[in-house]
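The chain contents come next:
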Amino acid sequence: MAEVKRTICMGCHCECGVLVTVENGKVTKIIGDPDHPQNEGAICVRGMSYQQLLYHPDRLRYPMERQPNGEWKRISWDEAMDKIASKFKELINKYGPESLAFVFCDGDRDNIVFNVDWLTAIQSPHLLGTDAQYCIRPNWIADGLTFGQALTWEKGPDYKNSKCILIWGGNPLETHLGSKGQEILQAKYNRGAKLIVVDPRFTNLASKADIWLQVRPATDAALALGMLNVIINEELYDKEFVSEWTVGFDKLRERVQEYPPDKVAEITWVPEEKIREAARMYATNKPASVHHRMGVTMNTNGLQTCRAVDMLIAITGNLDIPGGNLLPFPSPTSKVRSAYVEFPKLYAERLPKEVKQRRYGVKEFPFGFDKANPWNDSHPVLAFDSIPQGGIRGMFIVNDPVMGMQGSKQTAKDLEHLEFLVVMDFWMTPTASFANIVLPAATWLERDLVHELHYPSYVGVAPKVIDPVPECRDEREVSIELRKRLGLKSAYPVESVKEWNDYRLERLGVTFDEFYQKYGTVLKFQFETEKYKKFKKFPGTPSGKVELYSKTLEENGIDPLPHHEEPPVGPVTTPELMEEYPFIFISGSRKVLYFHGYGRQLPWLRELQPDPEVEINPEAAEKLGINDGDWVWIETPQAKGERVKFRARLTWGIHPKVVNADSHWWFPERKDDPHRACFESNVNVVVPRYPPYDQVFGCPIIRGAICKITKAEA
Ligand code: SF4
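Only a predicted model underlies this, so the values are computations on that prediction, with no experimental measurement involved.

**Student:** Explain the site of the ligand residue by residue, including any values.
**Tutor:** Cys9, Gly11, Cys12, Cys14, Glu15, Cys16, Ile43, Cys44, Arg46, Gly47 and Gly178 make up every residue found near the ligand. Its residues placed into classes, the shell around the ligand shows 6 nonpolar, 3 polar and 2 charged.

Right under this line is the structure:
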């Protein structure tokens, strides 16, 4: 008999409410939940396709151990956990606890808490997020320096009440379609909100914009400073807010004089009149909200770029007002114990300072990876660099760094140097193919989870809709089991996932099951705005005001005001290299179909896009004799001797001097290759992980590199 169950999708960070049809114990349909306030019925094809993932013949179904001849042997869970615990103990005894690391990227935060629990109990400081140098870090830290907390990521922009929405270097229609993407569309089409999109590509979102600013990759800071120049010089800023609630306005005013729109137009390739128009539209349509994402952080000037965009919010007073960017904290939802708070707390409480100081990246990037680091994690590249030198020798990985980290071939070599590698995943991924033991993970449909949702006023629970497909397991159960087998005490008064879920909700006075019975999947709280007026300060900044000029940055030898910095390669810095490598290279813009490396196995998704694609302007393609659909090679000067293969997709939506290639592409169907052809069309083969780095976070050039394109054989 069919039954419809209500839960929350964890296919990406959106966390959309869904209705799942279960027939005879099997999931047969997933649709959006119209009553869930976050996505109001909208979901994406990625979420729907989880029913194909659940029962896919290639899904990992039981633990396996790699044999000396490279073959995989099925083992029991008990055997797998025994082997992992005894090998980890052996490494600790032989080389010390710091020889072990836990590696994640896109997993849920709960799981990190449990792994940091055993990691800190053995006294290892090595928590590695494989995208830690970019992803959310520059946005988060820039927001923190300016406003005292993060408010430009998914949690912050109040699109539902905005009159103007500015999306910069991100595309919620691809990455957050269910929640934020549909909110933007509703604001635009149902309420007539203005939409400004800053993107080098004419994306589906840009096609709906009132103004599209086609910026040259990695020059976004200059563009933001040009818009600030217009807003300040035309006196379109909020004078009352600026004088009462900010520090450093005069210095900012002085700085932006270095960026008149005509000069900015030259730097960014955005016409001067469009810069003025966008600045006026944003400043005069209050309330306005801003979202900036990885398009502005995956380069060597991420912090300053994020700070420059933040200044727009600050001087127009679009702060913590309905329709602006909301300060998420204090939030009534803080009653729920948050994974974001818990794992950094474990570091603070359990590790002595000298151990914490041995995290990778602390010496090299003392601001980005130590003083301003809210998560206490390590710089992933420096940590991987330690492997061949005998630093880290054992890893527990729950993502796919061979695909996700720059310098894929180097990463694979590093993994081969490890003495012991455990990978937990849904699939035999390229990274899993290097493991000693692989463990089959349960999906969100098979796990009970507590959620902190994108609005600071929502808390959710996502009950499992089926029992895990045999023998897949909840990652948290495995981490708890590992801790027990290592003979370690937990920092928490819980011994199971069930107890953990109840513990997280304890201060609301309900258990997990009671929450679901009482409220369903989501509980909405009253959320206060303009909280700084009540507190008479912005808690979290040293001055208690919005810091346009940051003394903290100054004290750390970093420019206290935002500035533009040319990318280390490109038409301005290395014009001679552009003769051989004539394109600016965006490597890794995201698509709605695939979340990082996941989903290439799923028929619904693969049918929609079967091959890795690179977008090329038809004019540029014609000069190279390339037609739409041809296979082409991409090469970069930073990875000489390497090349990767993509299908050309010709589009007028990209500048003739810019190309954009898909990220994370591998071929799960290529079972003739133990690593599933993971170097053939993987952009990270030609994007190295080495310097030149961003000076604050150690981010290499990812979205402003250069490349050449040549036609490949079919
Ligand atoms: S956007 Fe898609 S994958 Fe992400 S949570 Fe929503 S339905 Fe799931």
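**Student:** Any chance you could break down the sheet that holds strand β16 (residues 449-452) for me, citing the residues and the numbers?
**Tutor:** As a general point, the strands of a sheet are linked pairwise by backbone hydrogen bonds and lie either parallel or antiparallel. Spatial ordering of the open sheet is given by β16-β17-β18, a layout of 3 strands whose pairing is antiparallel. In the strand order of this sheet, the two ends are held by β16 and β18 (522-524), each with one partner. Across this sheet, the average inter-strand angle for adjacent strands is 15°, counted without regard to direction. Here 3 bridges tie strand β17 (residues 458-462) to β18, and the two strands are oriented antiparallel to one another. What sits directly across from Val459, in β18, is Leu523. With respect to the sheet, helix α21 (residues 497-505) is in contact with β16 and β17, its orientation differing from that of β16 by roughly 35°.

**Student:** Quick rundown of the sheet that holds strand β5 (residues 72-74)? Include the residues and the values.
**Tutor:** Read from one edge to the other, the open sheet built from 7 strands follows the order β5-β4-β15-β14-β13-β6-β7, with strand pairing classed as mixed. Each of the sheet's edge strands pairs with one partner strand only, and the pair in question is β5 and β7 (127-129). Averaged over all adjacent pairs, the angle separating strand axes in this sheet is 20°, with direction ignored. Sheet topology places strand β4 (residues 64-66) next to strand β15 (residues 437-440); 2 bridges connect them, and they run antiparallel. The residue of β15 that forms the bridge with Glu65 is Ile437. Set on the sheet, helix α4 (residues 109-122) makes contact with β6 (100-104), β7 and β13 (394-397); between it and β6 the angle comes to about 170°.

**Student:** Account for the pairing of strand β14 (residues 420-425), naming residues and giving values.
**Tutor:** Across the 6 residues that make up β14, a large majority, 6, are buried. Alternating positions in β14 separate into two faces, Phe420, Val422 and Met424 on one and Leu421, Val423 and Asp425 on the other, with burial throughout. Two elements, β13 and β14, share 4 bridges in a ladder whose sense is parallel. Across the sheet, the residue bridging to Gly394 is Phe420, located in β14.

**Student:** Could you give me a rundown of the domain arrangement of the protein, with the residues and numbers involved?
**Tutor:** Under the domain assignment, the protein is made up of domain 1 (64-134 + 332-443 + 469-490), domain 2 (152-326 + 539-555) and domain 3 (575-711). For domain 2 and domain 3, the distance between their C-alpha centroids amounts to 28 Å. Of the residues lining the interface, 22 residues belong to domain 2; the matching set on domain 3 comes to 24 residues. Along the contact surface separating domain 2 from domain 3 lie 1 salt bridge. Where domain 2 packs against domain 3, one counts 5 residue pairs in polar contact (both at pLDDT 80 or more).

What counts as what
Residues numbered from 1 in each chain as written. Predicted model: local features only at pLDDT ≥ 70, side-chain atom pairs only at ≥ 80, totals over all residues. Heavy atoms only, no water. Near = heavy atom within 4 Å. Nonpolar A, V, L, I, M, F, W, Y, C, P; charged D, E, K, R; others polar. Pairing = 2+ DSSP bridges. Helix = DSSP H or I, 4+ residues; strand = E, 2+ residues; numbered from the N terminus. Axes fitted to C-alpha atoms, helices over the stretch in contact; angles between N-to-C directions. Contact = heavy atoms within 4.5 Å. Buried < 20%, exposed > 50% of the residue type's maximum accessible area, 1.4 Å probe, protein only. Domains from an automatic or database assignment. Salt bridge = Lys/Arg side-chain N within 4 Å of Asp/Glu carboxyl O. Polar contact = N/O pair within 3.5 Å; in protein donor to acceptor, adjacent residues only side chain to side chain.

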